[in-house]
Amino acid sequence: MADLTVLSLGTGDAELDKALAIAGYAYDASQDIFVSTMDPWQRSIGYCRLYDEAAAPMGMIIDCEPIYFSYNNKKWMIGLWKGQYDLVTGAEIGIYTNGVELELPRVFKGTYYQAASDSECLQMGFTIKKGNRILFTREDRHWWLTGFRLGEFSEPSELTMEIHITFEAFAMRDAFLEGMKKAGYTGKDYRVHNNTVYFNFSSPRSTQPFTRTPKTDQLIQRKNEFLCQSYQDFTRLYSTFPEKIQAIKEELPDMYRLIMNLGKSKQVFEIIVMLTLLGAAIITKHSSHRLED
């Protein structure tokens, strides 16, 4: 792993920092990236496969690698993501647990997970490389470790995450390794030291969302590439990040809204969560009726 850079959070502009915090992020000036905070709105929505299926139609062409396993009488999912999120190149590791089975007719059938609690967070880190060039490095005890580089355009296939995750017990580590094997990894693909697992995520082993096709990926990526080039061209004359964002806010409001809504769209997720919670309520109601019968 690369040497870790100490985070220097904040843009120097209090109003901008507040807007970013509402979006669920902070700005790391030392690496020129956005990072997720510990308790953003994204924490309340959990995870289900619908989110990955929704990514491409929302302009995000990203590789996903969900690792499923059972530990301590709970279903877990540790998700890996990397690729292009509209105007940003990004990478994520997310920890989710308390999986329950849901079935929404014609909408979704699968497992819905909650984001890990504070006590379930894990020490983890990754370095994201584009070819041989390091874009940035993250390290923290977290449930959702991320980094997003604004104005950087990448194809997901160009990116490699060098990952390490430290588990709370040998049993949890071994359960995760079993999940890796089920996803298609072999013993040659990872290294273990005590409770820490080291591995790379480059080409996904899991089945990718059906919403990603070569033709649609090509169309969306050309749009994303255009957005990134437009950002670079427009901000070339500004020296600081707050100056760049202020200029975009004043002159390119549509691009500003995209930047402040970086990552995954809150509105779409709220709809998905509403459907999921509705499904959960229906399942609970039907279960109680069966008990009464």
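Structural notes, computed from the coordinates. Computed from a predicted structure; not experimentally measured.

## Things to note about the pairing of strand β9 (residues 144-150)
Move 1: Within β9, seven of the seven residues are buried, which leaves it mostly tucked inside the rest of the structure.
Move 2: Alternating residues of β9 divide into Trp144, Thr146, Phe148 and Leu150 and Leu145, Gly147 and Arg149, and every residue in both groups is buried.
Move 3: Two elements, strand β5 (residues 88-104) and β9, share seven bridges in a ladder whose sense is antiparallel. Residue pairing for β9: glycine 90 is matched across the bridge by phenylalanine 148.

## Brief notes about the sheet that holds strand β7 (residues 122-130)
Move 1: The five strands are arranged β8-β7-β10-β12-β11 in an open sheet whose pairing can be described as antiparallel. Two strands in the sheet have a free side with no partner beyond their single neighbour: β8 (133-142) and β11 (190-193). Neighbour-to-neighbour, the strand axes of the sheet open up by a mean angle of 15°, direction not taken into account.
Move 2: Strand contacts of helix α3 (residues 170-183): β7, β10 (159-166), β11 and β12 (196-201), with the helix running at about 20° to β12, the strand carrying the most contacts.

## Observations concerning the packing of helix α4 (residues 214-235) against helix α6 (residues 253-260)
Move 1: Interhelical geometry of α4 versus α6 gives an angle of 110° and a closest axis separation of 12 Å. Of the possible angle classes, the one that applies to α4 and α6 is roughly perpendicular. Residues Leu227, Ser230 and Tyr231 of α4 pack against Met255, Leu258 and Ile259 of α6.
Move 2: Among the residues forming the contact of α4 with α6, the class breakdown is five nonpolar, one polar and no charged.

## Comments concerning the pairing of β11
Strand residues, when the strand is regular, have side chains that alternate between the two faces of the sheet.
Move 1: Taken together, the four bridges between β11 and β12 define a ladder with antiparallel strand orientation. Of the residues in β12, the one forming a bridge with arginine 191 is tyrosine 198.
Move 2: Turn length for the β11-β12 hairpin, with the two strands adjacent in sequence and antiparallel, is two residues, and the turn residue asparagine 194 shows positive phi of about 55°.

## A few points about the pattern of salt bridges
Move 1: The full count for this structure, using the stated rule, is 20 salt bridges.
Move 2: Where glutamate 101 meets lysine 75, a salt bridge forms, and the shortest distance between an N and an O atom there is 2.7 Å. Of this pair, glutamate 101 sits in strand β5 while lysine 75 sits in strand β4 (residues 74-85), and the two are 26 residues apart along the sequence.
Move 3: Taking the shortest distance from any N to any O, the salt bridge between lysine 130 and glutamate 152 comes out at 3.0 Å. Of this pair, lysine 130 sits in strand β7 while glutamate 152 sits in the loop between β9 and β10, and the two are 22 residues apart along the sequence.

The rules behind each value
- Residues numbered from 1 in each chain as written.
- Predicted model: local features only at pLDDT ≥ 70, side-chain atom pairs only at ≥ 80, totals over all residues.
- Heavy atoms only, no water.
- Buried < 20%, exposed > 50% of the residue type's maximum accessible area, 1.4 Å probe, protein only.
- Helix = DSSP H or I, 4+ residues; strand = E, 2+ residues; numbered from the N terminus.
- Pairing = 2+ DSSP bridges.
- Axes fitted to C-alpha atoms, helices over the stretch in contact; angles between N-to-C directions.
- Contact = heavy atoms within 4.5 Å.
- Parallel < 35°, antiparallel > 145°, perpendicular 65-115°, else oblique.
- Nonpolar A, V, L, I, M, F, W, Y, C, P; charged D, E, K, R; others polar.
- Salt bridge = Lys/Arg side-chain N within 4 Å of Asp/Glu carboxyl O.

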